[in-house]
Amino acid sequence: MGVAASDETSDYVWLGQNETADRSLIGGKAHSINTMVALGLPVPPAFALTTSVCRRLTAAGGAIDDQCVVALQDGMFRLECATGRRLGDPHHPLLVSVRSGAAVSMPGMMDTVLNLGINDEARIALSTETGDETYASDTQRRFETQFARVVGHTAPYDPWEQLLDAVSAVFKSWMSPRAVAYRQHHGLGDAGGTAVAIQAMVFGNLDDASGTGVLFTRNPLTGDSAPFGEWLQRGQGEDVVSGRFDANPLSALEELLPDIHEQLMSAGRRLEALHGDVLDIEFTVESGRLWLLQSRAAKRSPDAAVRLAVSMESEGVITRDEALLRVLPEQIAALLRPRVSPEERAKATILVRGEPACPGVGSGVVGLTCEEVEEMSDQGWDAVLARPTTDPDDVHGMIVSNAILTETGGATCHAAVVSRELGTPCVVGCGVGSLSKLSGLLVTVDGSSGEVYEGVLTQAPCNEADLPDVALLAEWARATVPEFSGLLPELFSRAHAALVSCS
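A. Representation of unusual backbone geometry in the model. The residue N115 is not glycine, and still its phi comes out positive at about 65°. Positionally, N115 belongs in strand β4 (residues 112–116). In this structure N115 comes out as buried when scored by relative accessible area, which is 1%. Positive phi, normally seen in glycine, also occurs at R234, with a value near 55°. By the secondary structure assignment, R234 is in the loop between β7 (228–233) and α8 (237–242).

B. Inspection of the sheet that holds strand β10 (residues 289–297) at higher detail. As summarised here, the arrangement of the five strands in space is β8-β7-β6-β9-β10, forming an open sheet in which the pairing is antiparallel. Since the sheet does not close on itself, it has two edges, and those belong to β8 (248–249) and β10, each with one partner. Summarising the sheet, strand β6 (residues 211–216) and β7 pair through six bridges and their orientation is antiparallel. Bridging across to β7, G211 finds its partner in Q233.

C. Region of the structure containing helix α11 (residues 302–314). Relative to the 18 Å expected for 13 residues at 1.5 Å per residue, α11 spans 19 Å between its end C-alpha atoms, a close match to the ideal helical length. Burial analysis of α11 places ten of its 13 residues in the buried class, the great majority of the element. Those residues of α11 that sit buried are P302, A304, A305, V306, L308, A309, V310, S311, M312 and E313. If you follow the buried residues of α11, they end up packed against α10 (258–275), α12 (320–325), α13 (329–335), β13 (355–358) and α18 (468–480). Of the residues one or two after α11, G316 is the one with positive phi, at around 80°.

D. Examining the pattern of salt bridges more closely. Considering all chains together, one arrives at 30 salt bridges under this definition. Across the salt bridge formed by R178 and D393, the nearest N and O atoms sit 2.7 Å from each other. In this pair, R178 is assigned in helix α7 (residues 177–185) and D393 in the loop between β15 (383–387) and α16 (395–399), connecting sequence segments 215 residues apart. Between R218 and E272 there is a salt bridge, with the nearest N and O atoms lying 3.0 Å from each other. Remark: E272 occurs in helix α10 and R218 occurs in the loop between β6 and β7; sequence separation between them is 54 residues. Residue R218 shares its accessibility class with E272, and that shared class is buried.

E. Representation of helix α4 (residues 120–130) within the structure. A122, R123, A125, L126 and S127 are the residues of α4 that are buried. In this structure, the buried side of α4 is in contact with α5 (133–151). Of the residues flanking the end of α4, it is G131, one or two places downstream, whose phi is positive at about 70°.

F. Seen up close, the packing of α5 against helix α6 (residues 159–172). Between α5 and α6, the least distance of the axes is 10 Å, while the angle of their chain directions is 45°. Judged on the interaxial angle alone, α6 and α5 are oblique. When the axes of α5 and α6 are compared, the crossing they make is left-handed. In this structure, α5 contributes F143, F147, V150 and V151 to the contact, and α6 contributes Q162, D165, A166 and A169. In the contact of α5 with α6, the residues fall into six nonpolar, one polar and one charged.

G. Here's a closer look at the sheet that holds strand β5 (residues 194–200). Pairing within the open sheet is antiparallel, and its five strands lie in the order β1-β2-β5-β3-β4. The sheet is open, and its two borders are formed by β1 (12–14) and β4, each paired with just one other strand. With strand direction ignored, the average angle separating the axes of adjacent strands in the sheet is 20°. Both β1 and strand β2 (residues 46–49) contribute to a ladder of three bridges, which runs antiparallel. Counted as the bridge partner of W14 is F47 from β2. Helix-sheet contacts for helix α3 (residues 66–83) involve β1, β2, β3 (96–102) and β5, and the interaxial angle to β2 is about 170°.

H. Structural detail: the state of the cysteines. All chains considered together, the criterion is met by zero disulfides. Its sulfur unpaired, C68 is 10 Å from the next cysteine sulfur, which belongs to C54. Overall, the relative accessible area of 0% leaves C68 in the buried class. With no disulfide partner, C81 has as its closest neighbouring cysteine sulfur the one in C68, 20 Å distant. Overall, the relative accessible area of 54% leaves C81 in the exposed class.

About the thresholds
- Residues numbered from 1 in each chain as written.
- Predicted model: local features only at pLDDT ≥ 70, side-chain atom pairs only at ≥ 80, totals over all residues.
- Heavy atoms only, no water.
- Helix = DSSP H or I, 4+ residues; strand = E, 2+ residues; numbered from the N terminus.
- Buried < 20%, exposed > 50% of the residue type's maximum accessible area, 1.4 Å probe, protein only.
- Pairing = 2+ DSSP bridges.
- Expected span 1.5 Å × (residues − 1).
- Contact = heavy atoms within 4.5 Å.
- Salt bridge = Lys/Arg side-chain N within 4 Å of Asp/Glu carboxyl O.
- Axes fitted to C-alpha atoms, helices over the stretch in contact; angles between N-to-C directions.
- Parallel < 35°, antiparallel > 145°, perpendicular 65-115°, else oblique.
- Left-handed = near helix turned anticlockwise from the far one by under 90°.
- Nonpolar A, V, L, I, M, F, W, Y, C, P; charged D, E, K, R; others polar.
- Disulfide = S-S within 2.5 Å.

Spelled out as structure tokens, the structure:
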């Protein structure tokens, strides 16, 4: 094997050793791991293949080259030394996660493979080590299902071949149609590439004192200052994010494991204070031990973006200029859209109810597939996407929809996170089988109340005076561009431009 390296000229960086590694080189996920390790927080050991590898492989057609193989060998050697386990060892197998991590967060857009390294030998070893055949079999089942979905073929028996195939697939996901569509929608280029973080697995599916969850240091839905999140006992990270399972509030973790809950809250406070922003923190609990997997700036609804900018400025966490830069003109425009009038709401027929995931009101004809809503949009119709749950392959349909509905999932699932970034009204967790009956119907979705109404409801106009936090931000924006006092979105656009040009 080559000599393990961690400088920025290498194809890989060992995380936790080089705290100053460039985010554009190692990606946002690895950068957050570096930060958390530097704070002494509990993080499973990991290394990152850099974005330069992605760019090189993409230019060459995508195949893993010898240089990348050497980097993988070096990184895995370090990981084996750090864990005391070895990839493919029949007695003490090392299992890893393989995750994408671009410099700019693209939640749910690219691919991940968990539990990599398991085969029949490793399953027997895990079963012997833990005395729990059910856990070992569950871990193998999860891996084989996810690998086949992400990589496109049955997992090979050899763990090293598994690793090469998974790394190649994750790099290739940078140019997947969904990732390209996401970047186009958000005005991001394709040149940067993604890093790949390879991290020792910790197991939320191990026992009753294990689980997985997501913590938001403040509420990304409403902007409330109280921490917010979800927890799923005996689950792994993809269970919560995918929306295939209805997770519990963090109060369930507090009741079951109060010490772990307090450790999590403490870590959240430290990380928010360091970054000066609301964070989305993924975590796993393994047999009563907390592990943090990544942290990133939380995607927030337009309502929350405004409230958080104002409250964090008032607390002295950020400056007024920073507060203005935290709120996009598109978010202001979304907030100023008409809302359902109380009179209309009182006489409306409610078709289904669910959990609010992104505030706002959207009307349209319900389509049950992305292809349906895209066709409606192409024909000039307003459309509402209704799915059992959403995944990254649905992003093209989510982008053209006036509202999004799911049958399962909670406020931290894929549909909820992406809808908040899009500023699209969203209701999740409407109930298994509840949405198929809406196909072809004209409905109004209220993402604030979690209700779906029959027909298009009359909406009352909204203005600046109805939104005191918006009015305050507008006052600050006018101080930045005093010669302009026009429509709010344009005012904010000019304020953004003025502030960016000065930074």
